[in-house]
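Examination of the molecular architecture
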Amino acid sequence: MTEFYAANSDLILFAGAAAFKTLVFLNGVMGFTALLTLAERKVSALMQDRIGPNRASLFGLALNGLFHPVADGIKMVMKEDFVPGRAEKLLFTLAPFFALVPVLALFSVIPFGDYVMVFGYQLDLQIADVPLGLFLVLALSGLAIYGVFLGGWSAKNNFALLGALRGAAQMISYEVVLGLTLVGLLMIFGSASLQDIVRAQGRLLFGWLPAWGVVYQPFAFILFLVAAVAENKRTPFDLVEGESEIIGYFMEYSSMRFAAFMFSEFVEIILISMLASTLFFGGWQVPYLYESGFILPGGKALALNHYLVALLQVGAFSAKTVFFSWFLLVVRWTLPRFRFDQLMGLCWKRLLPLALLNILVTGAVMLALGKV
Amino acid sequence: MISVKKVDNRPLNWLERIYLPEIARGLAVTLRHFFVNLFNPKGMPTVQYPEQQLELPHAAKTRTRHRLKLRADNSPKCVACFMCQTACPAYCIRIEAAEYPDNAVEKYPAVFDIDLARCVMCGMCVEACPEDAIAMDTLEIPGGEQDRARLKLTKEDLLRNLPGEPSVVGAANRLANEYLKSKGGA
């Protein structure tokens with residue numbers, strides 16, 4: 001046995017480090033998701049001149065509603081777990097997993113920092129540096145359609161089926177746009193590994209402008225944001241579920257099964273925020289911060305400890321994620337809902353041609369600059 | 001005269017059709033509310049109800065929880081005439097009359113129940129009462145209860161006087177005053 005350990009020590013170390021990173025990162029994401037369910041209610045309340053939930057308390061301590069996610073969770077677990085008599089039991093049970101698991105798996109390719117040296121071992125702050133990470137993102141987010149469709153179909157309820165059909169049509173349509181907006185970035189950075197893309201964004205343009213993706217592709221960023229919100233099925237593209245009026249694909253779900261659908265929606269918000277900051281806003285990059293410390297364009301330098309640099313980078317990534325999550329919440333509570341024909345028209349008649357045009361222009365400019 | 005409102009359904013212009021400037025305009029409105037309320041939460045109109053209560057505006061003060069007034073000798077002013085029960089549009093009052101052993105003139109309510117779960121707080125009972133025996137001036141607003149039965153007020157819950165009562169002076173009940181005088185009370 002000891003020979004086995006000795007022979008494969010680096011492999012075991014790698015596996016242990018990966019398990020540790022998964023544990024820490026996913027728990028962080030889960031905690032943030034729980035807070036996001038509260039933030040959604042609080043942000044919407046503030047936008048509408050209300051106070052929002054502030055009554056759930058632990059030992060008389062309400063903390064302005066901080067315990068509401070806990071109360072929600074307990075409520076969801078205590079509710080009756082109802083399965084309609086004619087439902088396909090197996091698929092009905094599997095559908096929430098199909099909604100939640102691909103989204104959670106996607107966090108494995110997102111770099112949340114550069115690297116940290118721990119006792120001489122280089123710990124990459126990314127769970128898996130997949131060479132084709134960007135394609136993995138698109139592929140797994142495509143899998144989430146199964147959750148919507150199986151959920152609607154297996155309930156054997158015509159209204160749920162209708163919601164599922166809408167959902168599948170919407171998600172597949174916007175999947176196309178989502179993929180095409182990222183082609184421009186692929187052309188510029190020449191790599192599909194998200195860590196490579198983030199590292200490439202650490203350069204400076206003209207000696208002072210951080211070479212973030214949004215500087216190269218401002219137009220693609222807007223298209224990406226629109227397509228991602230549509231993919232996430234939130235207002236103004238929420239007619240798949242339309243909680244208040246339209247009957248959605250998870251109408252027969254109750255208890256924790258319903259919570260899984262709802263939870264996956266909030267996890268997707270975080271995912272979109274992380275992707276937006278990774279691809280377009282430099283990921284963990286802080287402007288003018290390098291491995292040795294700050295080097296300002298004027299030539300002034302400020303040397304920083306390695307651990308402090310890593311902390312700043314992880315902090316920058318978290319701050320960007322929080323900002324985009326907040327922005328998505330604000331957008332959700334500002335805009336009215338599209339009609340279904342408008343939704344499809346926007347995707348196929350406007351966003352898709354614009355995304356293709358973006359690729360064409362990017363290619364033409366790169367050819368003109370001789371960067372090909 | 002029917003008034004007609006003309007709606008200007010002009011087609012969207014180019015800037016409106018690409019949505020983005022209009023989205024920015026909408027975001028400006030919601031973000032202004034968000035940040036104003038974030039940094040000045042006291043400016044919001046919300047009242048934290050059970051802990052914090054606004055003073056009720058004029059007429060609403062006479063539409064709070066019911067009470068039955070008492071005479072100086074702690075007998076109810078109510079003579080069980082069923083006027084309020086008849087007037088009640090929500091059928092929430094239930095009265096059972098009984099007779100005083102030594103008074104052949106008037107009755108008293110042996111049972112007087114008000115079911116607050118049904119009451120619509122209209123104040124018709126107060127209007128109907130010929131004896132000024134029922135009032136809705138306690139300034140208590142009936143709230144939610146865990147149990148339906150707890151919303152039922154019995155005679156014991158209802159009979160009470162506000163500070164400064166009872167005053168025989170000016171009481172509308174001539175018979176009661178005579179009855180009290182004959183008993184030698186004041």
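Residues numbered from 1 in each chain as written. Chains lettered and ligands numbered in written order. Predicted model: local features only at pLDDT ≥ 70, side-chain atom pairs only at ≥ 80, totals over all residues. Heavy atoms only, no water.

Contacts between the two partners involve 19 residues from chain B, matched on the other side by 19 residues from chain A. For the chain B and chain A pair, buried surface summed over both sides reaches about 1600 Å², with 68% attributable to carbon and sulfur atoms. It is Tyr19, Leu27 and Phe34 of chain B that lose the most area in chain B upon contact with chain A, and together they represent 31% of the buried surface on that side. Our count for the contact surface shared by chain B and chain A stands at one salt bridge. In this structure, glutamate 51 of chain B and arginine 55 of chain A form a salt bridge, with 3.1 Å as the shortest nitrogen-oxygen distance. (Contact = heavy atoms within 4.5 Å. Buried area = accessible area lost by both parts, 1.4 Å probe. Salt bridge = Lys/Arg side-chain N within 4 Å of Asp/Glu carboxyl O.)

On to the sheet that holds strand E6 (residues 293-295) of chain A, then. Residue and element names in this part refer to chain A. Spatially, E5-E6-E7 is the arrangement adopted by the three strands of the open sheet, whose pairing is antiparallel. Of all strands in the sheet, those with a lone pairing partner are strand E5 (289-290) and strand E7 (301-303), marking the two edges. Bridging between E5 and E6 involves two bridges; their strand directions are antiparallel. Bridged to tyrosine 290 within E6 is glycine 293. (Pairing = 2+ DSSP bridges. Helix = DSSP H or I, 4+ residues; strand = E, 2+ residues; numbered from the N terminus.)

Note that an α-helix has 3.6 residues per turn; residues three or four places apart therefore point the same way. All names here are of chain A. Along helix H3 (residues 68-78), the residues classified as buried are His68, Pro69 and Met76. Buried residues in H3, looked at end-on, bunch into an arc of 100 degrees, giving them a common side. The exposed set on the far side of H3, more than 90 degrees from its buried face, consists of Val77 and Met78. Buried-residue contacts for H3 involve helix H2 (9-47) and helix H10 (255-280). (Buried < 20%, exposed > 50% of the residue type's maximum accessible area, 1.4 Å probe, protein only. Arc of directions from axis to C-beta.)

Formed by 79 residues in total, the largest nonpolar core has its most connected members in Phe107, Ile110, Tyr174, Leu279 and Phe280 of chain A. The element best represented in this core is H10 of chain A, accounting for 11 residues. When near neighbours in sequence (up to four residues on either side) are disregarded, isoleucine 110 of chain A contacts Phe25, Gln126, Leu194, Leu271, Met274, Leu275, Thr278 and Phe317 of chain A. Within the second largest apolar cluster, 21 residues are counted, among which are Ala90, Ile134, Met136 and Leu153 of chain B. (Core = buried A, V, L, I, M, F, W, Y, C linked by side-chain atoms within 4.5 Å.)

This part covers the pairing of strand E1 (residues 115-118) of chain A. All names here are of chain A. Examined bridge by bridge, E1 and strand E2 (residues 121-124) share four bridges and lie antiparallel to one another. Considered in E2, the bridge of valine 118 is made with tyrosine 121. Hairpin connection between E1 and E2: a loop of two residues separates the two successive antiparallel strands, and phenylalanine 119 in this loop has a positive phi of roughly 50 degrees.

Each assigned domain of chain B is listed with its residue range as follows: domain 1 (13-44) and domain 2 (58-162). With centres defined by C-alpha atoms, the gap from domain 1 of chain B to domain 2 of chain B works out at 52 Å. (Domains from an automatic or database assignment.)

Residue and element names in this part refer to chain B. Mapping lysine 69 onto the fold places it in the loop between strand E1 (67-68) and helix H3 (83-87). When the C-alpha atoms of lysine 69 and methionine 136 are compared, they prove to be 10 Å apart, with 67 residues separating the residues in sequence. Once residues lying within four places of it in the same chain are set aside, the contact partners of lysine 69 are Pro76, Lys77, Asp132, Ala133, Ala135, Leu159, Arg160, Asn161 and Glu165.

A word on the pattern of salt bridges. According to the stated counting rule, one finds 21 salt bridges over all chains in the structure shown. Salt-bridge contacts for glutamate 40 of chain A lead to arginine 332 of chain A; the nearest nitrogen and oxygen are separated by 3.5 Å. Here glutamate 40 of chain A, found in helix H2, pairs with arginine 332 of chain A, found in helix H11 (residues 306-332); they are 292 residues apart in sequence, far enough to count as distant. Across the pair, exposure class does not vary: glutamate 40 of chain A and arginine 332 of chain A are buried alike. In this structure, aspartate 137 of chain B and arginine 67 of chain B form a salt bridge, with 2.7 Å as the shortest nitrogen-oxygen distance. A residue pair is termed long-range when its members are at least 10 positions apart, and aspartate 137 of chain B in the loop between strand E4 (134-135) and strand E5 (152-153) and arginine 67 of chain B in strand E1 qualify at 70 residues. Members of the salt-bridge network, linked through shared partners, are Glu40, Arg234, Glu265 and Arg332 of chain A.

Okay, the packing of helix H9 (residues 218-231) of chain A against helix H12 (residues 340-368) of chain A next. Residue and element names in this part refer to chain A. Two elements in contact, H9 and H12, have axes whose closest approach is 10 Å; the angle formed by their N-to-C orientations is 145 degrees. Both H9 and H12 take part in a crossing whose hand is left-handed. Contacts between H9 and H12 involve Phe219, Ala220, Leu223 and Val226 on the former and, on the latter, Leu351, Leu354, Ala355 and Asn358. When grouped by side-chain class, the residues that make up the contact of H9 with H12 number seven nonpolar, one polar and no charged. (Axes fitted to C-alpha atoms, helices over the stretch in contact; angles between N-to-C directions. Left-handed = near helix turned anticlockwise from the far one by under 90°. Nonpolar A, V, L, I, M, F, W, Y, C, P; charged D, E, K, R; others polar.)

We now examine unusual backbone geometry. All names here are of chain A. A positive phi angle is found at asparagine 64, which is not glycine, with a value near 55 degrees. Tracing the chain through its elements places asparagine 64 in the loop between H2 and H3. Phi is positive for lysine 156, close to 55 degrees, though the residue is something other than glycine. Along the chain, lysine 156 falls in the loop between helix H5 (133-154) and helix H6 (158-189). Among the residues examined, lysine 156 registers a relative accessible area of 41% and is labelled partly exposed.

Attention shifts here to the packing of H2 of chain A against H3 of chain A. Residue and element names in this part refer to chain A. Between H2 and H3, the shortest axis-to-axis distance is 8 Å and the interhelical angle comes to 105 degrees. The pairing of H2 with H3 is recorded here as roughly perpendicular in orientation. Taken together, the residues of H3 that come into contact with H2 (itself represented by Ala34, Thr37, Leu38 and Arg41) are His68, Pro69 and Asp72. (Parallel < 35°, antiparallel > 145°, perpendicular 65-115°, else oblique.)

Once that is clear, we can look at the sheet that holds E5 of chain B. Strand order in the open sheet formed by three strands is E2-E3-E5 (chain B), with antiparallel pairing between adjacent strands. Among the strands making up the open sheet, the edge pair consists of strand E2 (93-99) and E5 of chain B.

This next bit is on a nonpolar patch on the surface. Residues and elements named next belong to chain A. Residues Leu90, Leu94, Phe97, Phe98, Val101, Leu143 and Tyr146 make up a contiguous nonpolar surface patch of about 660 Å² in total accessible area. The set of elements that each furnish at least two residues to the nonpolar patch consists of helix H4 (89-105) and H5. The greatest single-element share of the nonpolar patch, amounting to five residues, is contributed by H4. For leucine 143, the position within the fold is in helix H5. (Patch = residues over 30% accessible without salt bridge, like charges linked within 9 Å, V, L, I, M, F, W, Y side chains within 5 Å. Areas by Shrake-Rupley, 256 points an atom, 1.4 Å probe, with all protein chains shown as cover.)

Before going further, it helps to spend a moment on the packing of aromatic side chains. Throughout the structure, instances matching the rule amount to 28 aromatic pairs over all chains. When the centroid spacing of 5.9 Å and the interplanar angle of 40 degrees are considered together, the rings of phenylalanine 98 of chain A and tyrosine 146 of chain A count as tilted. On the criterion of sequence distance, the pair formed by phenylalanine 98 of chain A in helix H4 and tyrosine 146 of chain A in helix H5 is long-range, its members being 48 residues apart. Through successive ring pairs, a cluster of aromatic residues spans Trp212, Phe221, Phe224, Phe280, Phe281, Phe323, Phe324, Trp326 and Phe327 of chain A together with Phe34, Phe35 and Phe39 of chain B. A cation sits over an aromatic face here: lysine 156 of chain A above tryptophan 153 of chain A, 4.9 Å from the ring centre. Against the face of phenylalanine 340 of chain A rests arginine 166 of chain A, its NZ or CZ located 5.4 Å from the ring centre. (Phe/Tyr/Trp six-rings, centres within 6.5 Å; stacked < 30°, edge-to-face > 60°. Lys NZ or Arg CZ within 6 Å of the ring centre and 35° of its normal.)

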